[in-house]
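Below are the chains, spelled out letter by letter.
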Amino acid sequence: MNEKELEYVQVRIGYRFKNQELLVQAFTRSSYASENGGGDNEILEFIGDKALDLAVVKFLAEKYGSFADPKELSQGIQNHFYSDYDEGVLTEIKASMVQKKTLARRIEYLGFEDFLIMGKGDEAKQINKVLSVKEDLFEAIIGAVAIDSEWDLNVIYRVAENMLEYSAQIDDADDTVNYIGRLQDWALAKEGSLPIYCVEKYHEAYMYMEYTIKRNRPINAPRPQYLCNVRLPDIKWTFVGFGDSQNEARMDVAKLALEYIEEHGLQFTIKDEIPNPNLNEAINQLEILSRRGYFSMPTYDFEEKRDENGKIFWKAKCHVEGYGVATSKNHPAKTMAKKNAAFKMLTKILESE
C-alpha cells in the first residue's frame, strides 16, 4: 500500500494508526505472505471478529437497554438493567448486522477491496471480489485498530460505527413512522440481511445514475445537504433520497423504497413473517412480530398455585392489545407456562389473519 492509500483508509475509518504496519498487515493476504514473507491478516481477522461483536453488543445495549423500568421506578428501584427486547430478538438483530454479506457490502462501499495485498494466485482469481474475503478484510481492520489502540473500547466502537454505520441501519428517530426500521424488517424477512445505506454529500451526478428511483424535486427548491441511496434484494432499482441531515436522507430513501414495495405488492403478510410457528420459539416469534409493527409488545401475568400435595404449578396469561388474552394450562415450570400462553396467542393471531 502506498501513502495515499493508507491515508485514504485512515480518513474513511476515522482513526490514525500509531503503527501503520498494522494497517498494512490488515490488508495482507496469507498468499502474499507465503510468497514474500512477513505477516498476514488472519490473526487480525480473528481478533477483529471478537472486537466487532463487543462493539455491536455495546451499541445494542445502549440503544435498547436502560436501568429504567416503569414498575420499579414507581417503587424507587433503579438498580436493575432492562432491555426492550429479549436475548433471542437481540441475537437476531446482532447476527444481521455482522453477517458476511453486510460486512462485504460495507467494504465495497468504503472502496477498500482494491487495496488488498495478494499473492499471484489470488490476483489471477480476483479473490478480492469474493464476499468472504471482503468480510475477512473488514474484521482484520477492526482487529488492527483494537491492537493499535491498546483495546480502547471507545476507539473500537467509533471505528466500527464509521465502517458499519450501525446506528444508521437501526434507527428509530421517528417514533411515529419509523421508515428505516420498517425497511430493515422487510429486508430481513426477504433475504436475512440489512439494507446498505450509502450517504454522500449532495451532488448533481445523481441525475445521471442509471436505474434509479427518486422524487421529482422542484427546480427552485433549496439544495439538500445530503443524498442517500439504497439497494434492496430482487429489485433492480437503486432508490435515492435527500435531506439536510444524513438521517433525513436515510429516512427519505427508506420511505421511497417502502412506497415502491407497497405499490408493487411486495410487502409481507404476518403469516409470511413466521413460517414455522412452534411452542419452543413462540415467545421470540411474538416479539419479532411486535418489533415489526404488527401489534404492541406482549405482556405476561403469572399465577402461582399449589395442588393437593402442596406442589407448585403455574398459570400464565399472555396479553396482546387488540387480540385479548391467551391462558396457559397448569405447568410445574413457569417457563413452560409462559411458552404455552405465548404459543396460544401466536396461533390465535395467525388464525385471525
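Quick note: structure is the one above.
Definitions and limits used
- Residues numbered from 1 in each chain as written.
- Predicted model: local features only at pLDDT ≥ 70, side-chain atom pairs only at ≥ 80, totals over all residues.
- Heavy atoms only, no water.
- Helix = DSSP H or I, 4+ residues; strand = E, 2+ residues; numbered from the N terminus.
- Buried < 20%, exposed > 50% of the residue type's maximum accessible area, 1.4 Å probe, protein only.
- Contact = heavy atoms within 4.5 Å.
- Expected span 1.5 Å × (residues − 1).
- Pairing = 2+ DSSP bridges.
- Axes fitted to C-alpha atoms, helices over the stretch in contact; angles between N-to-C directions.

(A) Focus on the environment of Glu303. Within the element layout of this structure, Glu303 appears in strand E7 (residues 299-306). The partly exposed category is assigned to Glu303, whose relative accessible area is 38%. Glu303 sits 13 residues away from Ala316 along the chain, and the two C-alpha atoms are 6.4 Å apart. When residues no more than four places from it in sequence are discounted, the contact partners of Glu303 are Phe313, Trp314 and Lys315.

(B) Structural view of helix H16 (residues 334-352). The terminal C-alpha atoms of H16 lie 27 Å apart, and with 19 residues this matches the ideal 27 Å at 1.5 Å per residue to within 8%. Every buried residue of H16 is accounted for by Ala337, Lys339, Asn340, Ala341, Ala342, Met345, Leu346, Ile349 and Leu350. Residues of H16 that are buried in the fold lie against helix H14 (270-273), helix H15 (282-291), E7, strand E8 (312-320) and strand E9 (324-327).

(C) Structural view of the sheet that holds strand E3 (residues 196-201). The strand order across the open sheet formed by four strands is E3-E5-E6-E4, and the pairing between neighbours is mixed. Of all strands in the sheet, those with a lone pairing partner are E3 and strand E4 (212-214), marking the two edges. Averaged over all adjacent pairs, the angle separating strand axes in this sheet is 25°, with direction ignored. The sheet contact formed by E4 and strand E6 (residues 238-243) spans three bridges and is parallel.

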